[in-house]
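Fold and geometry: a report
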Amino acid sequence: MELVIDANILFSALIKKSVAAELIFNENLKLYAPDFFIEEFIKYQELIIKKTHRTEGEFIQILHCLQEVITSVPEEEFSEHLEEAEKISPDKKDISYLALAMKLKCAVWSNDRLLKEKQKKVVVYSTEDLLRII
């Protein structure tokens, strides 16, 4: 199953051991994210290290692991869908995720209830939904 993974799923998976952390490495999932997700992790590196009680080396190792299982997609590859995504997105932070999902014709993995309920163009699966499916 192909999915665009929301950064909040990644952050929560890193901060606490969870089912989401296990699902990220599930071989039945092919994950995609806008390429800025790497920048987001680096931007919040100190916070993530503090909350996870990990070292900087462990953080970098985790980042490399995520880069191996998540295909990073540059914005120019899904830019033709940004305008439509902006119209349907309940939050401007979700526009790129929706646009990428439209480009790939796949669902988004997010626990954002508004994203799931306020637009109907893109299917949104929560972690709980994925557990039932997989």
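See the structure shown above.
Only a predicted model underlies this, so the values are computations on that prediction, with no experimental measurement involved.

One can find Glu-80 in the loop between β3 (70-73) and α6 (82-88). Classification of Glu-80 as partly exposed rests on a relative accessible area of 48%. The spacing of Glu-80 and Val-69 is 11 residues in sequence and 25 Å in space, taken between C-alpha atoms. A distance of 3.4 Å separates the side chain of Glu-80 from the side chain of His-81, its partner in a polar contact.

On the surface, Met-1, Ile-133 and Ile-134 cluster together to form a nonpolar patch covering roughly 250 Å² of accessible area. Within the fold, Ile-133 resides in helix α9 (residues 127-133).

What follows covers the layout of surface pockets. In this model, the largest pocket occupies a volume close to 290 Å³. If you go around the largest pocket, you meet 13 residues; those closest to its centre are Ala-7, Asn-8, Glu-40, Lys-93 and Tyr-97. When its residues are assigned to classes, the lining of the largest pocket shows 5 nonpolar, 1 polar and 7 charged. In this structure, the second largest pocket spans a volume of roughly 170 Å³. Lining the second largest pocket, in full, are Leu-10, Ala-13, Leu-14, Lys-16, Lys-17, Ala-21, Ile-24, Phe-25, Arg-54, Ile-62, Cys-65 and Leu-66. Secondary structure elements with two or more residues in the lining of the second largest pocket: α1 (7-15), α2 (19-24) and α5 (56-69).

Criteria and cut-off values
Every chain's residues receive numbers from 1 upward, in the order its sequence appears when written. Whole-chain, interface and lining totals are the exception, using all residues; otherwise, since this is a predicted model, local features are given only for residues with pLDDT of at least 70 and side-chain atom pairs are given and counted only at 80 or more. The basis for the side-chain values is all heavy atoms of the structure; hydrogens and waters are excluded. Under the DSSP-based scheme used, a helix requires at least four consecutive residues in state H or I and a strand at least two consecutive residues in state E, with every element numbered from the N terminus. Relative accessible area decides the class of each residue, using a 1.4 Å probe on protein chains only: under 20% of the type maximum gives buried, over 50% gives exposed, and in between gives partly exposed. The term polar contact refers here to a pair of N or O atoms within 3.5 Å; inside protein, the definition further demands a hydrogen-donor-capable atom paired with an acceptor-capable atom, and it admits residues adjacent in sequence only when both atoms are side-chain atoms. Patches in this entry comprise residues that are over 30% relatively accessible and not in a salt bridge; like charges within 9 Å are linked, as are nonpolar side chains (Val, Leu, Ile, Met, Phe, Trp, Tyr) within 5 Å. Residue exposure ignores everything except the shown protein chains as possible cover, and the areas themselves are Shrake-Rupley values with a 1.4 Å probe. A pair is scored as a salt bridge if a Lys or Arg side-chain nitrogen falls within 4 Å of a carboxyl oxygen belonging to Asp or Glu. Here a cavity means grid points, on a 1 Å grid over the protein atoms only, where a 1.4 Å probe fits yet cannot get out; a pocket means an open set of points with protein on both sides within 12 Å along at least five of seven lines; lining residues are those with an atom within 4 Å of a point. Grid points are joined across faces, edges and corners, and a volume is the space filled by probe spheres set on the points. Just so you know the grouping, Ala, Val, Leu, Ile, Met, Phe, Trp, Tyr, Cys and Pro go in nonpolar, Asp, Glu, Lys and Arg go in charged, and all remaining residues, Gly too, go in polar.

Function-wise, these values are silent; they only describe arrangement.
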